[in-house]
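An overview of the molecular structure
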Amino acid sequence: MDPLVAAVDQGTSSTRFLVFNARTAELISHHQVEINQSFPKEGWVEEDPKEIMQSVYECMERTCEKLGQLNIDLSNIKAVGVTNQRETTLVWDKETGEPLYNAIGGKEGPVILPASSLDSAGPSVWLDLRTQSTVERLINKAPGRNKNHLKHKTGLPISTYFSAVKLRWLLDNVEEVQQAVLSQRAMFGTVDSWIIWCLTGGRNGGVHCTDVSNASRTMLFNIHTMDWDPELCRYFDIPMEILPKVRTSSEIYGWMLLLVCQCLGDQSAALVGQMCFKDGQAKNTYGTGCFLLRNTGTKGSVAIAGAVVRWLKDNMGIVQSTSEIEKLAAAAGSSYGCYFVPAFSGLYAPYWEPSARGIICGLTQFTNRNHLAFAALEAVCFQTREILDAMKQDSGIPLKQLQVDGGMTSNRLLMQLQADILCIPVVCPTMSETTALGAAMAAGAAEGVEVWSLSPDNIPNVTSETYHPQINTDESEFRFARWKKAVQKAMNWETTEPCCNTNGTQPHTYSHHESQ
């Protein structure tokens, strides 16, 4: 039988273990386990690291049982890759193996609800508001209060989104973490580090490592030296001894019953799974948010994509199911001048503007829920175009087509709108497991395994559907210009100025009794 390669795909709402044929990229078997999220305070989102690992073990066991039922020898699995939610942050005790706090994320708006049937990405644990004051303190000590003060080293603005500020919060607020650091028992990692450490032995010799795609999202990693940066660690006051060793994304890390050969952040894995090996190729994953990566080393994220559909359903009652939005939008055929900027918790790339808030503008008496549904889908496409335009400006390389994946790609109208707004073809593979496939490909290509070739001449043929632009460029540019005008009106809404209640009380809430 052909060699097999497996992948652990650990996301925000579920864990999966998938096994692929290394010659054909065919998915042979898989298993998925949902994981819980907790919301201890408004704007806080956490996950239990022990539950994450239990879900990994269960998925591996169940998948192996299914392979046995297919009479497939487990020795055919030559390597295991790991792909993961990236910015989510953990600290654990290397002597006991116990997590010292739940896994926490980056920036969460109150509209992101715990229940989701929209896509496999689920609600975003990387979106968590608790570090806002930490970020403000860090920006205040930067020259000129410049949020881009560290960008020359990190490529990132100082934001709640990234791991360093979450680790700083843990060091400031969790006594168990403080004590473990003092006694040199603490280990920091994103979810990949936790999984690899546990799979390779845990407190009995587990490998404490991460890869460059995950390290680059911490704000502690120098993208030029490709290693942890002492100056960045001093800026955040992070002890370097708690950091994992940075490895390449495709090499043998350690051994379990199978070989752990690879680690890639989820979006980098999807770039590989989409076969974007040529300079300038790009992929966009449409889930709760959008995550766009280009093979020039650039990436961008949209906080609210599928989440805007959930907002229309759960908060506004405009649609009864997430699948209904395509039908409503198609019935309108246009937004008729209505623009929806879903900046529920600020704007991410390319603006990085936390003060922005969501707006709907261009309303008339003619506007109905169908137009709002259309405007919501357009908003996803406009935000993607803004990131691609910024990437083109940085790289100077025009994009010829966009590879897409994620739960929202089943919305055919959305994909057609995206092609129209970008004025380039949009290509959607029929095999949806591109993230896990990318992790498996990188693992199979590792030196010492080498059962999967990443050479362009040996890439397996994956079937796909292509959406071509159906409107002229002038119309596309007009709609995009109106969108940018709407974005400007969403800016600088939230301020740090004190409200009229200076005694710390909550604003008055009116009830129907007061009118009686």
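Residues numbered from 1 in each chain as written. Predicted model: local features only at pLDDT ≥ 70, side-chain atom pairs only at ≥ 80, totals over all residues. Heavy atoms only, no water.

The sheet built from 6 strands is open, its strands ordered β17-β16-β15-β20-β21-β22 with mixed pairing. Only two strands of the sheet have a single neighbouring strand rather than two, namely β17 (298-302) and β22 (464-467). Along the sheet, successive strands turn relative to each other by an average axial angle of 20 degrees, direction set aside. (Pairing = 2+ DSSP bridges. Helix = DSSP H or I, 4+ residues; strand = E, 2+ residues; numbered from the N terminus. Axes fitted to C-alpha atoms, helices over the stretch in contact; angles between N-to-C directions.)

So, on to the pattern of salt bridges. For the structure shown, the criterion picks out 20 salt bridges. Among the salt bridges present, the one from aspartate 93 reaches arginine 185, with a minimum N-O distance of 2.1 Å. Of this pair, aspartate 93 sits in strand β6 (residues 89-93) while arginine 185 sits in the loop between α5 (175-182) and β8 (186-190), and the two are 92 residues apart along the sequence. Accessibility expressed as a relative area gives 4% for aspartate 93, which makes it buried. One salt bridge connects arginine 247 with glutamate 251, and the closest N-O pair in it is separated by 2.9 Å. (Salt bridge = Lys/Arg side-chain N within 4 Å of Asp/Glu carboxyl O. Buried < 20%, exposed > 50% of the residue type's maximum accessible area, 1.4 Å probe, protein only.)

Right, let's get into helix α15 (residues 473-490). Because each turn of an α-helix spans 3.6 residues, side chains separated by three or four positions end up pointing in the same direction. The terminal C-alpha atoms of α15 lie 26 Å apart, and with 18 residues this matches the ideal 26 Å at 1.5 Å per residue to within 8%. Among all positions of α15, only Ser476, Arg479, Phe480, Trp483, Ala486, Val487 and Ala490 are buried. Angularly, the buried residues of α15 cover 115 degrees about the axis, an arc narrow enough to put them on a single face. Exposed positions of α15 whose direction lies more than 90 degrees from the buried face are Asp474, Lys485 and Lys489. Residues of α15 that are buried sit in contact with β18 (339-341), β19 (359-361), α12 (369-395) and α13 (412-422). Structurally, the start of α15 carries an N-cap: the backbone nitrogen of aspartate 474 is 3.2 Å from a side-chain oxygen of asparagine 472. Looking one or two residues past α15, asparagine 492 carries a phi angle of roughly 55 degrees, positive in sign. (Expected span 1.5 Å × (residues − 1). Arc of directions from axis to C-beta. Contact = heavy atoms within 4.5 Å. Polar contact = N/O pair within 3.5 Å; in protein donor to acceptor, adjacent residues only side chain to side chain.)

Here the structure, examined in full by the defined rule, presents 19 aromatic pairs. Plain terms: the ring middles of tryptophan 92 and tryptophan 197 are 5.6 Å apart, the flat faces sit at 50 degrees to each other, and that makes the pair tilted. Taken as a pair, tryptophan 92 in strand β6 and tryptophan 197 in helix α6 (residues 191-199) lie far apart in primary sequence, 105 residues in all. For the pair tryptophan 92 and tryptophan 197, one class covers both residues: buried. Seen in terms of ring centroids, tyrosine 336 and phenylalanine 366 are 5.3 Å apart; in terms of plane orientation they differ by 75 degrees. Their pairing is edge-to-face. (Phe/Tyr/Trp six-rings, centres within 6.5 Å; stacked < 30°, edge-to-face > 60°.)

Next up on the list: the packing of helix α4 (residues 163-173) against α5. As a packed pair, α4 and α5 sit with axes 5 Å apart at the nearest point and diverge in direction by 95 degrees. In terms of orientation, α4 lies roughly perpendicular with respect to α5. When α4 is examined against α5, the residues Leu170, Leu171, Asp172 and Asn173 are found in contact with a partner set consisting of Glu175, Val177, Gln178 and Val181. The class makeup of the residues in the contact of α4 with α5 is 4 nonpolar, 2 polar and 2 charged. (Parallel < 35°, antiparallel > 145°, perpendicular 65-115°, else oblique. Nonpolar A, V, L, I, M, F, W, Y, C, P; charged D, E, K, R; others polar.)

Our focus in this paragraph is helix α10 (residues 306-315). By the criterion of burial, α10 is predominantly enclosed, with 7 of the 10 residues buried. Those residues of α10 hidden inside the fold are in contact with α11 (324-332), β18 and α12. Positive phi appears at glycine 317, one or two residues downstream of α10, with a value of about 70 degrees.

The next subject is the pairing of strand β21 (residues 426-429). Judged by which residues are buried, β21 turns out to be covered on both faces: Val426 and Cys428 on one side and Val427 and Pro429 on the other are all buried. The pairing of strand β20 (residues 402-405) with β21 spans 2 bridges and is classified as parallel. From the neighbouring strand, glutamine 403 faces β21, where its bridge partner is valine 427. Read from β20 through α13 to β21, the crossover connection turns out right-handed. Relative to β22, β21 runs antiparallel, the two being bridged by 4 bridges. By the bridge assignment, cysteine 428 is partnered in β22 with glutamate 465. (Right-handed = clockwise from strand over helix to strand, strands pointing away.)

For the rest of this paragraph, the subject is the nonpolar core. Formed by 103 residues in total, the largest nonpolar core has its most connected members in Phe236, Tyr286, Val341 and Leu402. Per-element tally for this core: the top contributor is α12, with 13 residues. When near neighbours in sequence (up to four residues on either side) are disregarded, leucine 402 contacts Ala282, Lys283, Asn284, Tyr286, Thr384, Leu388, Gln418, Leu422, Ile424, Pro425, Val426 and Val427. If you look at the next biggest cluster of nonpolar residues, it comprises 31 residues, including Leu90, Met187, Trp197 and Tyr253. (Core = buried A, V, L, I, M, F, W, Y, C linked by side-chain atoms within 4.5 Å.)

For isoleucine 72, the location among the structural elements is in the loop between α1 (49-69) and β5 (77-84). Owing to a relative accessible area of 12%, isoleucine 72 belongs among the buried residues under this scheme. Discounting residues that sit within four places of it in the chain, isoleucine 72 has contacts with Met1, Leu4, Ile28 and Leu67.

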